[in-house]
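The lines below spell out each chain.
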Amino acid sequence: MIVCHCMNIADHDIRAAVDWMRAADPDTLITPRKVYRALGKSADCGGCMPLFLDTMRRCDSLPVSGAGLPGQTVPIFGTAKRKAPHEGRSQGY
């Protein structure tokens, strides 16, 4: 499936780039920019970014191992639950 029409990047291209980067450096933080650069391309309009990120999230090799502890991974791209903002108000307001 084509993910980025501007640069003609398919989902299998993204997965291959993520797998290649993870194999080269298991502790590196993989970002969309790094994936584009690994493919020799650059983002153009940005319309593909939600699908691009979703495709990256589905890669099994994307998460970074956490602190060298087996079975633990670091959450990526907002997959962790976030607390709702309190707008600077005190707790009992």
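Please read these numbers as outputs of a predicted model, since none were measured by experiment.

Novice: Describe in detail the environment of Asp 13, supporting the description with residues and values.
Specialist: The residue Asp 13 is located in helix H1 (residues 11-24) in this model. Distance from Asp 13 to Ile 2, taken between C-alpha atoms, is 9.4 Å for residues 11 residues apart in sequence. Apart from residues lying up to four places away in sequence, Asp 13 is in contact with Asn 8 and Leu 39.

Novice: Describe the nonpolar core, and please don't skip the residues or the numbers.
Specialist: Ile 14, Val 18, Ile 30, Val 35, Phe 52 and Met 56 are the most contacted members of the largest nonpolar core, which has 15 residues in total. Taken together, the elements giving at least two residues each to this core come down to strand E1 (2-4), H1, helix H2 (32-38) and helix H3 (49-57). Not counting residues within four places of it along the chain, the set of residues in contact with Val 35 comprises Ile 14, Ala 17, Val 18, Met 21, Ile 30, Phe 52 and Met 56.

Novice: With reference to specific residues and values, describe the packing of aromatic side chains.
Specialist: Scanning all chains against the criterion turns up 1 aromatic pair. When the ring of Tyr 36 is compared with that of Phe 52, the centres are 4.7 Å apart and the planes differ by 5 degrees; the resulting orientation is stacked. With Tyr 36 in helix H2 and Phe 52 in helix H3, the pair connects residues that are 16 residues apart, well separated along the chain. Like Phe 52, Tyr 36 is buried.

Novice: Now, about the side chain of Arg 22: what can you tell me, with residues and values included?
Specialist: Mapping Arg 22 onto the fold places it in helix H1. Among the polar contacts made by the side chain of Arg 22, one reaches the main-chain carbonyl oxygen of Asp 25 at a distance of 3.4 Å. Setting aside its immediate chain neighbours within four residues, Arg 22 contacts Asp 27, Thr 28, Ile 30, Ser 61, Leu 62, Pro 63 and Val 64.

So, how was this worked out
Residues numbered from 1 in each chain as written. Predicted model: local features only at pLDDT ≥ 70, side-chain atom pairs only at ≥ 80, totals over all residues. Heavy atoms only, no water. Helix = DSSP H or I, 4+ residues; strand = E, 2+ residues; numbered from the N terminus. Contact = heavy atoms within 4.5 Å. Core = buried A, V, L, I, M, F, W, Y, C linked by side-chain atoms within 4.5 Å. Buried < 20%, exposed > 50% of the residue type's maximum accessible area, 1.4 Å probe, protein only. Phe/Tyr/Trp six-rings, centres within 6.5 Å; stacked < 30°, edge-to-face > 60°. Polar contact = N/O pair within 3.5 Å; in protein donor to acceptor, adjacent residues only side chain to side chain.

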